[in-house]
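Structural features, examined
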Amino acid sequence: MRNLNTVLSKLNDRLLRLEGELFVLRSIARAALTAGDESAVRTRKLLEGARLALSDEAERPLDAATEKYVAAAIAMVEELLENPREAAPLFRVIDGGKRDD
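Residues numbered from 1 in each chain as written. Predicted model: local features only at pLDDT ≥ 70, side-chain atom pairs only at ≥ 80, totals over all residues. Heavy atoms only, no water.

Describing the overall build of the protein
In terms of regular secondary structure, the protein is built from three helices and zero strands. Helices and strands appear in the protein in the N-to-C order α-α-α. The buried share of the protein, taken over its 101 residues, is 11%. If you take every contact in the protein between residues at least 6 apart in sequence, the share linking residues at least 24 apart comes to 57%. Entry remark: accessible area of the protein is about 9,000 Å², with carbon and sulfur atoms responsible for 57%. (Helix = DSSP H or I, 4+ residues; strand = E, 2+ residues; numbered from the N terminus. Buried < 20%, exposed > 50% of the residue type's maximum accessible area, 1.4 Å probe, protein only. Contact = heavy atoms within 4.5 Å. Areas by Shrake-Rupley, 256 points an atom, 1.4 Å probe, with all protein chains shown as cover.)

A closer look at helix H3 (residues 64-81)
Helix length check: H3 (18 residues) gives 26 Å between terminal C-alpha atoms against 26 Å at 1.5 Å per residue, within 8%. Taken residue by residue, H3 has Val70, Met76, Val77, Leu80 and Leu81 as its buried positions. Buried residues of H3 fall within an arc of 130° about the axis and therefore sit on the same side. Those residues of H3 that are exposed and aimed more than 90 degrees away from the buried face are Ala64 and Lys68. As for H3, its buried residues are in contact with helix H1 (2-33) and helix H2 (38-59). Between the side-chain oxygen of the N-cap and the backbone nitrogen of Ala65 there are 3.1 Å, and the N-cap of H3 in question is Asp63. (Expected span 1.5 Å × (residues − 1). Arc of directions from axis to C-beta. Polar contact = N/O pair within 3.5 Å; in protein donor to acceptor, adjacent residues only side chain to side chain.)

Things to note about the pattern of salt bridges
In this structure the tally under the stated criterion is five salt bridges. The residue Glu21 makes a salt bridge to Arg17 at a minimum N-O spacing of 3.9 Å. Here Glu21 pairs with Arg17, and both are found in helix H1, just four residues apart, close to one helical turn. What makes Glu21 partly exposed here is its relative accessible area of 39%. Notably, a salt bridge pairs Arg26 with Glu79, separated by 3.1 Å at the nearest N-O pair. Remark: Glu79 occurs in helix H3 and Arg26 occurs in helix H1; sequence separation between them is 53 residues. (Salt bridge = Lys/Arg side-chain N within 4 Å of Asp/Glu carboxyl O.)

Now the structure itself:
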């Protein structure tokens with residue numbers, strides 16, 4: 001049981017590290033795409049090229065692990081190519097609320 005806990009702990013650490021790296025890379029990519037400059041256009045073209053390459057790869061016969069890998073990559077590219085939505089405010093003023101005058 002000790003070996004299983006060690007393996008699970010190592011896998012959890014690896015997953016957390018990958019999630020942290022993905023968060024940073026996604027944030028950088030989103031910032032690069034929304035910069036509105038020449039670099040943003042170039043980054044978008046690179047992502048569109050990646051989407052095309054991944055779509056071609058998805059058409060080939062793949063083992064289960066590679067299929068999941070390619071599907072996750074396609075989902076990430078699709079997410080990045082979506083136009084960003086305006087963030088909703090966390091707090092809103094309620095009309096007709098009490099005022100201290």
